[in-house]
Amino acid sequence: MKSTTRIPILTMSKNLVIVESPAKGKTIEKFLGPDFKVLASFGHVRALPSKQGSVDIAKGFEPKYHVLPESKRHLDAIKAALKGADTLLLATDPDREGEAISWHLLAALGLDKKNPGVKIQRVEFHEITKEAILHAVKNPRDIALDLVNAQQARSILDYLVGFNLSPFLWKKIRYGLSAGRVQSVALRLVCEREKEILAFKEQEYWTIAARLGVSPGQEFKAGLVEVGGKKLGKFDIPGQDAADSLKAALLSGSYSVTKITKTEKKRNPSPPFTTSTLQQEASRKLGFGAKKTMSTAQKLYEGIDIGAEGTVGLITYMRTDSVNLSSLALKDAHDVISAAYGKEYALAKPRIFKTKSKNAQEAHEAIRPTYIAKTPAELRKHLTPDLYKLYELIWKRTVACQMAEALLDQTSVDITAELETPPAAGPFDGSRRAGLRAAGTVIRFPGFMKLYIEGLDDQDEEKEGLLPAMTEGAALALHELLPEQHFTQPPPRYTEATLVKTLEEYGIGRPSTFASIMNTLVERKYARLDKKRFFPEDVGMVVSDLLTAHFQKYVDYNFTAGLEEELDQVSRGEKEWQPLLKEFWEPFIALLKVKEGEVSKSDLTTETTDEACPECGKPLVVKLGKRGKFIACSGFQGGCKYTRNVEQEGVEVAEPVVSDEKCEKCGQPMLIKDGRFGKYLACSGYPACKNIQPLVKPKSTGVVCPECKEGELTEKKSRFGKLFYSCNKYPQCKFALWDLPVESPCPKCGFPLLVKKIYKRKGEFLKCPKEGCDYNSSE
């Protein structure tokens, strides 16, 4: 009898789980055991093609989705894994977008029919922990079509606006511009703030403070608040003359304490993080942009290897409007607070917060640590600096929100100054009495403030200090008077934090869209971020003005917020999505057709001036170019090429400086001028002589050009600031290198020079630049 060898049969997993990202998949798979196989869809698998005709309006706004080319290989892998599976579990993110990805996935796999041949389940979890994953698998549900329809409606709305309004901008302003349903509203906010700043007229005002003393070493500051029984308004001391008059009167005064008021103030902590507040606070405290905050939070959510426990999700889902915390999280926070700070810092009953967002979505939890007992200090060795900073911020905010309130003792001291010499001029002429006030705060019990205090957008707020002990009626000694000049300030430009806050207050956009909205403004060059504040570019101002003037309804803050509320109604099953699209589309496309004929390109991109062209005498105009506005001659088509930069309001344009160099063509002095790419030399004989030269002459390397053997290789900078080396006989000779040339022949092929290379690992070495020669001095 022949012996038989048992051949192992590789069995397929009975349960196939689909998530969006492979990082998330690896974390989940270890919790589920051998009967489960986890694969990633790598995000969206279907989308509306970026071309006209992707939505059939005549057929009830039927979307014509196509499978994304980059998703085909991932779908093939899922199809292969499905062959031996009994159950398909869709474990995409727990929001509308995640719901839509699951729905699209079924369609792309051909499983969106009555008898798909496999059991399909939707599983939902808000944190990637073993407990949460196992609970989700035991409690599956069907795909929520209302959420899918709300997401479909949003995508189709954005498509209809983008693919109809953007071509309009191309015709009327320039090719390549874009308009978006929410993006354009955010741009309007930035541009309107800039107009407020430009229109702002500063106003001078003065304040006067006195440094008073109860006894030696017991000094404090009090501000002047009243003169002659009249309370001082902000502009009641308008200039130095009025301030000097009051100062002289106050110097003659005798000071005493009139009234001491003590009050207890309670201060409560901020709620745990939503997506919006996390982005705002990470911007204020960590200097993170919204995009960086979300990508860092995504990593914490999907899982980090923390040693013995392996990979585990460290925070709950990071796209949420909710400020709710689970009962388990509340208990963990209570235990951590009691152990770390003492029972007096813990609450007897959990603090419950109410969501302020106008259009809060599905009832998620707030962003919190999955295991509150895991302190930032404990996890620090497993986290990169950015991951640690964000985790610490989330952990502190979560724990602090369940700590006792802070108790503050506030003291207000009213002081009377009896003036021997009254003010000599101004509205207070003849007044014999003045009132001052000092305020101080003492933290009696820090409560949550011991761990965490929310950041402020205005960091210039003055903090109240500690006041010395004093009694009513006590005489005070005047040590110094401190008059100070101030000027009113324009409203500040938006930071990422304040723009997110404003969008949320209006109810515009969604947690998942804030970062991409701001990223689009910068990428499209509609605005730039300078010192973390948004400055609109010229083209951004022109686009915003056009949309506000001609499509005012569609960039109206309340209209956009109202549309968000209607999408929420769709997600709750209270409204059908096709009628919503019809209500939006019909008046929108009718208005667009009218504006096609009404709006002229020249009206938008050309502004007249009162100035004549210095070369031909025709009127000068302000034009909009690729790099912003510039002044040009209206006779451009007739051959006049005069242009110059626009002189910005409030910016002094420097007069050209006469250099020591003479023009090599006509002998006249060369001027140092400012141009689009920096300073340069131009002949003072312009327009008769149009010679221009770089201000910084190319630095010679002393190496003879190996190609023409006449010129020298010189050091230059590319338009992007990168150094390169080229022949000074350009354009006759076009030889150039990216690396520093060394005049030494190649020992292998005899090429007349080598180049110096520097790598971190290899260090410095010489290499032959000739194609086909592999000489390397380090080998």
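The structure we're discussing is the one just above.
Since the structure is predicted, the reported quantities are computational estimates derived from the model, not experimental observations.

An order of β28-β29-β30-β31 is seen for the 4 strands of this open sheet, with the pairing classed as antiparallel. This sheet does not close on itself; its edge strands, each paired only once, are β28 (699-704) and β31 (736-737). Alignment of strand β30 (residues 723-727) against β31, held across 2 bridges, turns out to be antiparallel. Across the sheet, Y725 pairs through a bridge with L737, a residue of β31.

The geometry of helix α5 (residues 145-172) relative to helix α16 (residues 557-571) is characterised by a closest axis approach of 7 Å and an angle of 150° between their N-to-C directions. As the angle between them shows, α5 and α16 are arranged roughly antiparallel. Seen from α5, the contacting residues are D146, L147, N149, A150, A153, R154 and L157; seen from α16, they are L563, E564, L567, V570 and S571. Across the contact of α5 with α16, the residue classes break down as 7 nonpolar, 2 polar and 3 charged.

Below, the discussion takes up the packing of helix α6 (residues 183-199) against helix α14 (residues 514-523). Where α6 contacts α14, the axes come no closer than 10 Å and their chain directions differ by 70°. By the criterion of interaxial angle, the relationship of α6 to α14 is roughly perpendicular. Remark: the crossing between α6 and α14 carries right-handed chirality. Only I517, T520 and L521 of α14 make contact with α6, whose side of the interface consists of Q183, A186, L187 and V190. A breakdown of the residues in the contact of α6 with α14 according to their chemical character gives 5 nonpolar, 2 polar and no charged.

Taken in spatial order, the 4 strands line up as β20-β21-β22-β23 in an open sheet, and their pairing is antiparallel. Sheet topology places β20 (606-612) and β23 (643-645) at the edges, where each strand pairs with a single neighbour. Neighbour to neighbour, the strand axes of the sheet diverge by 30° on average, direction disregarded. Pairing geometry for strand β21 (residues 619-625) and strand β22 (residues 628-633), over 6 bridges, is antiparallel. What sits directly across from V621, in β22, is A632.

For the rest of this paragraph, the subject is the side chain of T293. Mapping T293 onto the fold places it in helix α9 (residues 290-302). On the basis of relative accessible area, T293 is assigned to the buried category, the value being 0%. Not counting residues up to four positions away in its chain, the partners in contact with T293 are L278, Q279, A282, F288 and L390.

To continue, consider α14. Every buried residue of α14 is accounted for by F514, A515, I517, M518 and L521. All buried residues of α14 project into a common sector of 165° when viewed along the axis, lining one side. Buried residues along α14 sit against α6, α8 (275-286), α9, α13 (496-506), β18 (527-530) and β19 (533-536).

So, about the packing of aromatic side chains. For the structure on display, the rule yields 16 aromatic pairs. Here Y554 and F584 contribute two aromatic rings whose centre-to-centre distance is 5.4 Å and whose plane-to-plane angle is 80°, an arrangement assigned as edge-to-face. Highlighted residues: Y554 in the loop between α15 (538-550) and α16 and F584 in helix α17 (residues 577-598), separated in sequence by 30 residues. On the basis of relative accessibility, which here comes to 5%, the residue F584 falls in the buried class. The ring of Y371 carries K374 above its face, with NZ or CZ at 5.7 Å from the centroid. Between the NZ or CZ atom of R380 and the centre of the ring of Y388, over which it lies, the distance is 4.1 Å.

Two faces belong to every sheet, and in a regular strand the side chains alternate between them. The element β30 is largely enclosed, with a buried count of 4 among its 5 residues. With 5 bridges joining them, strand β29 (residues 712-717) and β30 adopt antiparallel strand pairing. Note on β30: the bridge partner recorded for L713 is C727.

Here 14 bridges tie strand β12 (residues 253-267) to strand β15 (residues 406-419), and the two strands are oriented antiparallel to one another. Looking at β15, one finds that K266 is bridged to L407. In this sheet, strand β17 (residues 475-487) lies alongside β12 in antiparallel orientation, the contact comprising 2 bridges. Residue pairing across strands places S256 opposite A475, the latter belonging to β17.

We now examine helix α2 (residues 72-82). When we look at burial in α2, the residues that qualify are H74, L75, I78, A81 and L82. For α2, the arc enclosing every buried residue in end-on projection is 125°, short of the 170-degree limit, so these residues lie on one face. Check the buried side of α2 and you find it contacts β1 (15-19), β2 (36-40), β6 (66-67), β7 (87-90) and α3 (96-108).

Reading guide: rules and limits
- Residues numbered from 1 in each chain as written.
- Predicted model: local features only at pLDDT ≥ 70, side-chain atom pairs only at ≥ 80, totals over all residues.
- Heavy atoms only, no water.
- Pairing = 2+ DSSP bridges.
- Helix = DSSP H or I, 4+ residues; strand = E, 2+ residues; numbered from the N terminus.
- Axes fitted to C-alpha atoms, helices over the stretch in contact; angles between N-to-C directions.
- Parallel < 35°, antiparallel > 145°, perpendicular 65-115°, else oblique.
- Contact = heavy atoms within 4.5 Å.
- Nonpolar A, V, L, I, M, F, W, Y, C, P; charged D, E, K, R; others polar.
- Left-handed = near helix turned anticlockwise from the far one by under 90°.
- Buried < 20%, exposed > 50% of the residue type's maximum accessible area, 1.4 Å probe, protein only.
- Arc of directions from axis to C-beta.
- Phe/Tyr/Trp six-rings, centres within 6.5 Å; stacked < 30°, edge-to-face > 60°.
- Lys NZ or Arg CZ within 6 Å of the ring centre and 35° of its normal.

These results come straight from atomic positions and should not be treated as a statement about function.
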